[in-house]
Amino acid sequence: MARLEIDRVSKRYGEFHAAREVCLDVAEGEFVVLLGPSGCGKTTTLRMIAGFIEPTEGTIRIGGRDVTGLPPWKRNTGLVFQNYALFPHMTVGQNVAFGLEMRGIGKSEIEGRVKEALRLVRLDHLAERYPRQMSGGQQQRVALARSLVFRPDVLLLDEPLSNLDAKLRGEVRVEIRSLQQRLGITTIMVTHDQEEALTMADRLVVMSEGAVQQVGSQRDLYERPASRFVAGFVGRSSFVHGRMNGERMTSLGGLDIRCGRSLVGDAVLALRPERVRVGPEPMAADNCFAGVVDFVSYMGGLIDVHVALSPEDRVVAQVVNGEGSFVPEAGDKVHVAWSACATVFPATGEH
Ligand code: ATP
């Protein structure tokens, strides 16, 4: 258990920045998830913490100790990969013991520690089995035990659930999280699966193009995204482009929209579907516009209504599929309404 500090860490390959001045302070016992699209630098960051990639610049400290120049085995981190990487010709017990044997630890201590690690992942009764005789979820738990046997200060998980089917993923997710909380072990996990990130993390780090975009709780990121990128990546948003003059936006299609933030110049407004109401008649609200339903997508209990407000402006309204709900059909004339909101960002050329 230890605090992890990442201070302006960058990794360059020639002119290309795989990670760009990454700063992150992870408290003892905290579970932090690195989240972002493919190629955003998550794995590079994780591997720099583990010691498998050397940063071009910056400092990494674990428990107050500068580990930047140390090889992986001197950092006391445990890394779990997505493909388990178990030795097929060794039993579960031998797999877990292997790293300790390489470090020349005594036989009886190894026995005790392997037992303890397997008990933690509830596999102590299967120590004699071979990996091929186990399910994917069990194999991933063996991989976890193999890291925990070192009693690492920091546990690093590189998409540990991505090889598991949906049902198992849910189970192992809960298991990893409860084990992490029980042991109070500082943990960093990489994923591009939002739901996984949202359900497991104390805090999330959203990355894009090698840089940290925002760090915060699930709620912070969802309610107060710091950029257009975060608003689009965490949860769903529809985007309206236009020009801001103070708290008013003139959209590309000429709508006069009230916003909860003052800006000047080209901007993009992010609207959460559940914050947009749709009805047959005009509604009292900061913003209310007439439109035509483009299409409707049913997701069981929730329904997305896509509405064109002009040829250039489209929004999505989410309707709860309940008794008496207003559920229009494609081609219907409707009204949509929403409150002035602060999630409006300077345009950066992203769409
Ligand atoms: P994914 O979710 O697909 O695993 P990621 O966010 O983990 O993506 P990284 O593996 O950290 O992404 O890679 C970040 C960027 O750095 C990518 O564009 C990748 O192509 C590049 N990159 C990684 N390793 C090297 C290397 N050895 N040489 C050059 N570029 C590299």
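In case you missed it, the structure is sitting above this.
Residues numbered from 1 in each chain as written. Predicted model: local features only at pLDDT ≥ 70, side-chain atom pairs only at ≥ 80, totals over all residues. Heavy atoms only, no water.

Some remarks on the site of the ligand
Taken together, 13 residues sit near the ligand, with Ser38, Gly39, Lys42, Thr43 and Thr44 positioned nearest. Contact distances for the ligand include 3.0 Å between an oxygen atom and a backbone N or O atom of Cys40. In the model, an oxygen atom of the ligand is placed 3.0 Å from a nitrogen or oxygen of the Gly41 main chain. Mapped by element, the contributors of at least two residues to the shell around the ligand are strand E2 (16-26) and helix H1 (42-50). Looking at the shell around the ligand element by element, the count peaks at three residues for H1. (Near = heavy atom within 4 Å. Polar contact = N/O pair within 3.5 Å; in protein donor to acceptor, adjacent residues only side chain to side chain. Helix = DSSP H or I, 4+ residues; strand = E, 2+ residues; numbered from the N terminus.)

A short note on the packing of helix H2 (residues 92-102) against helix H3 (residues 107-120)
Remark: H2 packs on H3, axes separated minimally by 9 Å, with the N-to-C direction vectors making an angle of 125 degrees. With respect to each other, H2 and H3 are oriented oblique. Every pair of crossing elements has a handedness; the one defined by H2 and H3 is right-handed. Judged by residue contacts, Val92, Gly93, Val96, Ala97, Leu100 and Glu101 of H2 engage Ile110, Arg113, Val114, Ala117 and Leu118 from H3. Looking at side-chain class alone, the contact of H2 with H3 contains eight nonpolar, one polar and two charged residues. (Axes fitted to C-alpha atoms, helices over the stretch in contact; angles between N-to-C directions. Parallel < 35°, antiparallel > 145°, perpendicular 65-115°, else oblique. Left-handed = near helix turned anticlockwise from the far one by under 90°. Contact = heavy atoms within 4.5 Å. Nonpolar A, V, L, I, M, F, W, Y, C, P; charged D, E, K, R; others polar.)

Here's the deal with the nonpolar core
Membership of the largest hydrophobic core comes to 46 residues, with the highest contact counts inside it found for Leu118 and Leu144. Beyond its immediate stretch of four places on either side in the chain, Leu118 contacts Val92, Gly93, Val96, Leu123, Asp124, Ala127 and Ala145. (Core = buried A, V, L, I, M, F, W, Y, C linked by side-chain atoms within 4.5 Å. Buried < 20%, exposed > 50% of the residue type's maximum accessible area, 1.4 Å probe, protein only.)

Remarks on the packing of helix H4 (residues 136-148) against helix H5 (residues 166-183)
It is the contact of H4 with H5, at a shortest axis distance of 10 Å, that shows an interaxial angle of 20 degrees. One finds that H4 runs roughly parallel with respect to H5. Pair H4 / H5 crosses with right-handed handedness. Across the interface between the two elements, Gly137, Arg141, Leu144 and Leu148 from H4 touch Leu168, Val172, Glu175, Ile176, Leu179 and Leu183 from H5.

Notes on the state of the cysteines
Scanning all chains against the criterion turns up zero disulfides. Counting only cysteine sulfurs, Cys23 is the nearest neighbor of Cys40, a cysteine outside any disulfide, at a range of 16 Å. Here Cys341 stays unpaired: no disulfide links it, and the sulfur of Cys259, its closest cysteine neighbor, is 6.5 Å away. (Disulfide = S-S within 2.5 Å.)

Notes on the pattern of salt bridges
Applying the stated criterion across every chain yields a total of 20 salt bridges. Close ionic contact of Arg177 with Asp202 constitutes a salt bridge, the shortest N to O distance being 2.8 Å. Pair noted here: Arg177 is in helix H5 and Asp202 is in the loop between helix H6 (194-200) and strand E9 (203-208), with a separation of 25 residues, a long-range link. The closest approach of N and O atoms between Arg275 and Glu223, which form a salt bridge, is 3.4 Å. (Salt bridge = Lys/Arg side-chain N within 4 Å of Asp/Glu carboxyl O.)

Observations concerning the sheet that holds strand E4 (residues 57-62)
Across the sheet, which stays open at both edges, the four strands sit in the order E2-E1-E4-E5 with antiparallel pairing between neighbours. Looking at which strands have only one partner, the edges of the open sheet turn out to be E2 and strand E5 (65-66). Sheet topology places strand E1 (residues 4-13) next to E2; seven bridges connect them, and they run antiparallel. Its bridge partner lying in E2, Lys11 is registered against Ala19. Its contacts with the sheet place H1 against E1, E2 and E4, and it is angled at close to 120 degrees to E1. (Pairing = 2+ DSSP bridges.)

So, the sheet that holds strand E18 (residues 344-346)
If you walk across this open sheet you meet the three strands as E11-E12-E18, and the pairing is antiparallel. On the outer flanks of this sheet lie strand E11 (238-251) and E18, each paired with one strand and no other. The average angle at which neighbouring strand axes cross in this sheet is 40 degrees, direction not considered. With twelve bridges connecting them, E11 and strand E12 (residues 256-271) associate as antiparallel partners. Bridge assignment links Phe239 to a residue of E12, and that residue is Ala270.

Focus on the layout of surface pockets
For the largest pocket, the calculated volume is near 560 Å³. Secondary-structure elements contributing two or more residues to the lining of the largest pocket are strand E6 (77-80), H2 and H4. The residue inventory of the lining of the largest pocket, partitioned by class, reads 14 nonpolar, six polar and two charged. (1 Å grid on protein atoms, 1.4 Å probe; cavity = no way out; pocket = protein on both sides within 12 Å on 5 of 7 lines; lining within 4 Å. Points joined across faces, edges and corners; volume = space filled by probe spheres on them.)

Quick look at the packing of aromatic side chains
Enumeration according to the criterion identifies three aromatic pairs in this entry. Ring geometry for Phe229 against Phe233: centres 5.5 Å apart, planes inclined by 10 degrees, an arrangement best described as stacked. In this pair, Phe229 and Phe233 both sit in helix H8 (residues 228-233), four residues apart, roughly one turn of the helix. Summarising the aromatic geometry, the rings of Phe289 and Trp338 are spaced 5.5 Å apart at their centres and angled 45 degrees between planes, so their arrangement reads as tilted. With Phe289 in strand E14 (residues 287-299) and Trp338 in strand E17 (residues 333-338), this residue pair connects regions lying 49 residues apart in the sequence. Residue class for Phe289 comes out buried when judged on its relative accessible area of 13%. Residue placement shows Arg228 over the ring face of Phe239; its charged tip is 3.8 Å from the ring centre. (Phe/Tyr/Trp six-rings, centres within 6.5 Å; stacked < 30°, edge-to-face > 60°. Lys NZ or Arg CZ within 6 Å of the ring centre and 35° of its normal.)

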